[in-house]
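# Working through the structure, step by step
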Amino acid sequence: MDKNRIFYRINYQIRVPQIRLIDFDGTQVGIVPLDVAQKKAQERRMDLVEIVPQSHPPVCKIMEYSKFKYDQSKKIKDSRKKHKGGQLKEIRFRPHIGDHDLEVKLKHAREFLTENNKVRMTIIFMGREMTHLELGGLLFDKIKSKLSDVAEVPHRPSMLGNRMIFILEPLKKQVKGEGLRNT
């Protein structure tokens, strides 16, 4: 079963003596006995749908249930389209990278971070470069300082084989007034 799905009681599944009725055109009829509301729904060849079960009395509306379900599924799909989760982007370096090349890669990282994506920075050591891991540490410090205005580094870099890996996360947006305290 889909946990995002909401189940509504319809017609004879509703088991309360009185309900607050909303007509098919959206006008509020008021509090009526359940059997009267069911008769009104049958006369219009529509369904009686319990849309707010937690209120007392529950709110029910006369509508076409199949159309209502279709509209609800469309709303869920639209909300999923608008929700964009942050992705993990990767940028690779060598320890002896030139200054201009580093600036270009940092510009890309800055773009990713402003789009609210995480960036995995990988420094790849080849051959004898493995004996100079301190160059990777210096490069890490340089990257961290240049991107400090848009990113934070939650953990120190870790070595995985011949690669030094660390992740940059976008800074959390500060709420207005945060940091201003009366002492």
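Above this note sits the structure.
What comes next is a walk through the structure. (Residues numbered from 1 in each chain as written. Predicted model: local features only at pLDDT ≥ 70, side-chain atom pairs only at ≥ 80, totals over all residues. Heavy atoms only, no water.)

Counting its regular elements, the protein contains 4 helices and 9 strands. Each helix and strand of the protein, ordered N terminal to C terminal, gives the series β-β-α-β-β-α-β-α-β-α-β-β-β. The buried share of the protein, taken over its 183 residues, is 29%. Sequence separation of 24 or more characterises 56% of the internal contacts of the protein that already satisfy a separation of 6 or more. By element, 52% of the accessible surface of the protein is carried by carbon and sulfur atoms, the whole surface being about 13,400 Å². (Helix = DSSP H or I, 4+ residues; strand = E, 2+ residues; numbered from the N terminus. Buried < 20%, exposed > 50% of the residue type's maximum accessible area, 1.4 Å probe, protein only. Contact = heavy atoms within 4.5 Å. Areas by Shrake-Rupley, 256 points an atom, 1.4 Å probe, with all protein chains shown as cover.)

Inspection of every chain in the model, using the stated rule, returns 9 salt bridges. The partner of Arg9 in a salt bridge is Glu50, with the nearest N and O atoms 2.7 Å apart. Placement of Arg9 in the segment before β1 (18-22) and of Glu50 in strand β3 (residues 47-52) is noted, with a sequence separation of 41 residues between them. Residue classification places Arg9 among the partly exposed residues on the basis of a relative accessible area of 43%. The structure contains a network of salt bridges with shared partners spanning Glu90, Arg92 and Arg120. (Salt bridge = Lys/Arg side-chain N within 4 Å of Asp/Glu carboxyl O.)

It is worth spelling out the environment of Ala109 at this point. Its place among the elements puts Ala109 in helix α3 (residues 99-114). Residue Ala109 is classed as buried on the basis of its relative accessible area of 0%. Between the C-alpha atoms of Ala109 and Val150, which are 41 residues apart in sequence, the distance is 9.7 Å. Residues within four places of Ala109 in sequence aside, it is in contact with Ile91, Val119, Met121 and Leu147.

In short, the description is geometric, and any link to function would need to be established separately.
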